[in-house]
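An overview of the molecular structure
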Amino acid sequence: MPPEFTKAHFLQSLDEWGAYPSNFKALSSDQQAEFLRDQGYDSLHDILAHVGVWWEEAEGIIRDTIDNRDRPARKYDFDEFNAASLARFKSTPEADLLTWYESQLKHMTALVSSLSDEQMKIRRVYGWLNGVILEHLKEHGFTAPRFLVLDTLQREWDGYVERFHALPEEKQKAFLEKQGFARFRDVAAHVIAWWEDGLETIHAISKDPVYQQPDKDTDAFNAQAVETFGKLEEAELRKKFESTRQSLIELVINLPEETFDHKDVQAWLRSDVIDHYFEHAV
């Protein structure tokens, strides 16, 4: 088991899931609508059903694994599984769905709390916990708790450039076509530029909490990023990517709570560290 997977790590994520419904309802109606549109869901009801059914599935698999019970391997059609999850609760009243969701949350919390260090090391156990608790929080979340930002920087973005170059040539080509970039170095340049922009913004907010970043033309910014960093030699580009990632990690670790919780800092960390990874994941 990778050292970053700890019981406390998953319990922190479950605490975030516990606050998820109330945090969502605290958003403005426009923010809720925008979030649901970006997520591809019609309602909070559907997201909670989706998440809760995956917890239900994972709990059965993990309990069978640690109790050494035979369980036939299942090949998932994710679209089919997700559609069935929503259909199952389509007619369930909101209050009943929330009660069921909270029950599944308690089950998962009890399960994680009960696992020994040795059980946490079982690949099938930590793999499912990572997928349905931590990765799902990154994918469907709208806040940026410190532990989640650090996990994304330290684990997801770590080795990003190397993972691309380890892909077969045909998969590299398919990735670039999907991303809309001619070269992978342009993807990396794009990421670096937004990270540097965020570092500058957060430092400015640290000095002046009312600082407002000037509006920018996103397309022009992205084009300039490719122009600026895309000219670097491969080794220089990798070094720049890694040094900027490390600078962000250090910043996130050391930011005072009042700065970290600033609404613009939170929005940037969510958008350009967590969401950006899913947008450009290899």
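Not measured: the values here are computed from a predicted model.

Examining the environment of Trp128
Tracing the sequence through the fold places Trp128 in helix 7 (residues 123-140). Given a relative accessible area of 18%, Trp128 falls into the buried group. Each C-alpha atom, one on Trp128 and one on Glu59, is 8.8 Å from the other, the two residues being 69 residues apart in sequence. Each residue touching Trp128, except ones within four places of it in the same chain, is listed here: Trp54, Glu57, Ala58, Ile61, Ile62, Tyr76 and Ile133.

Observations regarding the packing of helix 11 (residues 184-207) against helix 15 (residues 263-280)
Put simply, helix 11 and helix 15 touch, their axes get as near as 10 Å, and they point 170° apart. When the axes of helix 11 and helix 15 are compared, the pair comes out roughly antiparallel. For the pair helix 11 and helix 15, the sense of crossing is left-handed. On helix 15, the residues touching Val187, His190, Val191, Trp194, Trp195, Asp197, Gly198, Ile202 and Ile205 of helix 11 are Asp264, Val265, Trp268, Leu269, Asp272, His276 and His280.

Some remarks on helix 5 (residues 94-114)
Between its first and last C-alpha atoms helix 5 spans 30 Å; for 21 residues at 1.5 Å apiece the expected length is 30 Å, and the two agree. Residues Leu97, Trp100, Tyr101, Gln104, Leu105, Met108, Leu111 and Val112 constitute the buried set of helix 5. Down the axis, helix 5 shows its buried residues gathered within 145° of arc, on one side only. Exposed side chains of helix 5 directed beyond 90 degrees from the buried face belong to Ala95, Thr99 and Lys106. Where helix 5 is buried, its residues meet helix 1 (7-25), helix 3 (44-66), helix 4 (78-88) and helix 7.

Some details on the packing of aromatic side chains
Tallying each qualifying case throughout the model produces 27 aromatic pairs. Plain terms: the ring middles of Trp54 and Trp128 are 6.1 Å apart, the flat faces sit at 40° to each other, and that makes the pair tilted. In this pair, Trp54 is assigned in helix 3 and Trp128 in helix 7, connecting sequence segments 74 residues apart. Trp128 matches Trp54 in its accessibility class, with the two residues each being buried. By the ring-pair criterion, three or more aromatic residues cluster together here, those being Trp157, Tyr160, Phe164, Phe175, Phe184, Trp195, Phe241, Tyr277 and Phe278. Sitting over the face of the ring of Phe260, Arg146 holds its NZ or CZ atom 4.4 Å from the ring centroid. Stacked on the ring of Phe221, the Lys or Arg Lys216 has its end atom at 5.3 Å from the ring centre.

What about helix 15?
The first and last C-alpha atoms of helix 15 sit 24 Å apart over 18 residues, in line with the 26 Å expected at 1.5 Å per residue. Of all the bends in helix 15, the greatest measures close to 25° and is centred on Arg270. All of the buried residues in helix 15 are Val265, Gln266, Trp268, Leu269, Arg270, Asp272, Val273, Ile274, His276, Tyr277 and His280.

Conventions used here
- Residues numbered from 1 in each chain as written.
- Predicted model: local features only at pLDDT ≥ 70, side-chain atom pairs only at ≥ 80, totals over all residues.
- Heavy atoms only, no water.
- Helix = DSSP H or I, 4+ residues; strand = E, 2+ residues; numbered from the N terminus.
- Buried < 20%, exposed > 50% of the residue type's maximum accessible area, 1.4 Å probe, protein only.
- Contact = heavy atoms within 4.5 Å.
- Axes fitted to C-alpha atoms, helices over the stretch in contact; angles between N-to-C directions.
- Parallel < 35°, antiparallel > 145°, perpendicular 65-115°, else oblique.
- Left-handed = near helix turned anticlockwise from the far one by under 90°.
- Expected span 1.5 Å × (residues − 1).
- Arc of directions from axis to C-beta.
- Phe/Tyr/Trp six-rings, centres within 6.5 Å; stacked < 30°, edge-to-face > 60°.
- Lys NZ or Arg CZ within 6 Å of the ring centre and 35° of its normal.
- Bend = angle between axes of the 7 residues up to and from the residue.

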